[in-house]
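Coordinate analysis (summary)
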Amino acid sequence: MLDDFIHEPRIAYFSMEIALRNEIPTYSGGLGVLAGDTVRSAADLVLPLVAVSLVSRAGYFRQAIDAQGRQVEQAAVWEPRKWAKPLDAKIAVNIEGRAVWIGAWLYVLDGYLGGRQPVLLLDTDLDENQPEDREITHYLYGGDDVYRFKQEIVLGIGGVRLLQALGFRIRQYHMNEGHSALLGLELLRRYAYPPGDLRPGELPYDLPRVRALCNFTTHTPVEAGHDRFSYALAQRMLGTTVELATLKHLAGEDSLNMTRLALNLSEYVNGVAKRHAEISNTMFPGYRVHAVTNGVPPFTWTSEPFRKLYDHYLPSWCHEPEQLVRVDCCIPDDAIWDAHLQAKQTLIEQVRARTGVALQPEVPILGFARRMTAYKRPDLLFADLERLKAVARQHAFQIVLAGKAHPHDEGGKRLIEQLHAQARALEGVVPVVYLPDYDMDIAQALVAGVDLWLNTPLRPFEASGTSGMKAAFNGVPNLSVLDGWWVEGCIEGVTGWAIGNAVGADDGDARALYDKLEQVVLPLYYGYSGDPGGWIKVMKGAISKNASYFNSHRMMRRYATEAYIR
Ligand SMILES: *Cc1c(COP(=O)(O)O)cnc(C)c1O
């Protein structure tokens, strides 16, 4: 069954997490969804890729919310056999001086245009391994830094070896975030100079050759997002895989910094939006960080009613989303509004089924869903409850929220609790629903069914953000702080609206948000602004100007021409 995939050289795309489908809990948020979206676009574009990730049998976690509004974490165990095929090949890596065997599952991702891509899910749960080692690939982002380092050995070093054992020929390696940077060490070993050929002071490896093979995408300006390990730990785990002097030369003097390692091993490096690339260039002086703004695949994130509409008016939109630039002129307003009302009804039914709350179809719904963590500021909308109520008394609206906090992120968990308390305080004036267990299914319903997509991160920490792009495919305008992709996507009053300005002080953001809602966005929605049809014009602006550009087909075509072919 691998035969379909090993006859031509492929791009090996490494990611710690990947969102393949809703039933497979091998992702925690944006990074994993982007990895899945990358492979989905590669399938639609028939770009030969092979993705490598961990099987994460125990998943990330399922989120429940208790009566006090607190997050409760439940195991999200899944059965690989149900969705993937076990492969025969096995290889071993050395961890803490013993052999740890690694096998893999083959998941075949089917694109919507007939393309298929192989995904290898690495698994150490094999009879050959000690009980402790069998669990290395169980928990996504679980455990301590020893556990994480073992996972990164399996992903990076194990992944490269397994690809070779299976007969894959790899043209280029792509590290989606630094977690897989140890793959470069394995490549260095593959291209080591014979001992006699060395000149004093020279690294014993053909570094330029490895750099020519590697690409690295960095994903966050948040310091905690960059893995660092002590050299004591690294040496204990890796043994003499690569000598300490080389490691320090490539990964930093004080600690093994996976981002630095990836930067030094990759000739092509990029950030995930223009603003993020600028920030990364100042964070990592001496490196050239390109900008490839993220995108989302058209079919996956477009609701059924809009798919039908685009199929009718712009039949090739799925392969060539650039076609959507014509939406302004060639799709009637009524058809856009009808499709939106259908998507909104679907969301309203899902909300009722999941929470028992009945939202009103004629009242606008504001959506906010993403990882619950401090820099995303999910609480900004609730910063002044009296002001929020005053806005709602003038122009009624409803709010739907969703999002998980990482189990170790105490601040994120407090935010969830606080949001529930604030929702209670708004009862009777603003209906607020929190949908538990945010996942791809909920995201699909939300980005299509709400009327306005809200994003309020603390600048400059939103590297890109992709949920707002998903909204654009469904004609849902964004109201967002100017950070990440929105710096590029926002045309004020045309594709959506900005909260504050690009460099403004953060403490003014809440007031700017209330002002914009009260004076601009809601009056336009209700048609009080003297511009009948103005709202649908913005919906069309979101599609024609943003969905046509912020899609992962464009992103993959750029990776192909600028990174993979060089
Ligand atoms: C798209 C998506 C994300 C990422 O959203 P951001 O706007 O980038 O924060 C996270 N989780 C799920 C389930 C998604 O579908």
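Refer to the structure printed above.
Not measured: the values here are computed from a predicted model. (Residues numbered from 1 in each chain as written. Predicted model: local features only at pLDDT ≥ 70, side-chain atom pairs only at ≥ 80, totals over all residues. Heavy atoms only, no water.)

It is worth spelling out the nonpolar core at this point. Counting residues in each nonpolar core, the largest one holds 88 residues, and the members touching the most others are Leu-324, Ile-336, Phe-382, Phe-397, Ile-399, Leu-446 and Leu-517. Sort the elements by how many residues they give to this core and helix 21 (residues 509-526) lands first, with 8 residues. Three or more residues apiece are contributed to this core by two domains, here domain 1 (2-61 + 72-294 + 555-564) and domain 2 (301-550). In this view, Phe-397 contacts Val-363, Pro-364, Leu-366, Leu-388, Val-391, Ala-392, Val-430, Pro-431 and Leu-522; residues no more than four positions away in its chain are not counted. Tyr-141, Ile-153, Val-154 and Leu-182 belong to the second-largest nonpolar core, a separate cluster that totals 72 residues. (Core = buried A, V, L, I, M, F, W, Y, C linked by side-chain atoms within 4.5 Å. Buried < 20%, exposed > 50% of the residue type's maximum accessible area, 1.4 Å probe, protein only. Helix = DSSP H or I, 4+ residues; strand = E, 2+ residues; numbered from the N terminus. Domains from an automatic or database assignment. Contact = heavy atoms within 4.5 Å.)

Attention now goes to the sheet that holds strand 19 (residues 478-481). Pairing is parallel in the open sheet, where 6 strands are placed in the order 17-16-15-18-19-20. The open sheet terminates on both sides in strands that have one partner only, identified here as strand 17 (432-435) and strand 20 (496-499). The average angle at which neighbouring strand axes cross in this sheet is 20°, direction not considered. (Pairing = 2+ DSSP bridges. Axes fitted to C-alpha atoms, helices over the stretch in contact; angles between N-to-C directions.)

This brings us to the packing of aromatic side chains. Taken as a whole and assessed by the stated rule, the structure comprises 17 aromatic pairs. Relative to Phe-61, the ring of Tyr-60 has its centre 4.8 Å away and its plane inclined at 45°; by these criteria the two rings are tilted. A relative accessible area of 10% means that Tyr-60 is categorised as buried. Residue Phe-61 is classed as buried on the basis of its relative accessible area, which comes to 5%. (Phe/Tyr/Trp six-rings, centres within 6.5 Å; stacked < 30°, edge-to-face > 60°.)

This part is about the pairing of strand 3 (residues 62-65). Both strand 3 and strand 4 (residues 71-74) contribute to a ladder of 4 bridges, which runs antiparallel. Directly across from Arg-62, in strand 4, lies its bridge partner Gln-74. Between the antiparallel neighbours strand 3 and strand 4 lie 5 residues, among them Gly-69 with a positive phi of about 80°.

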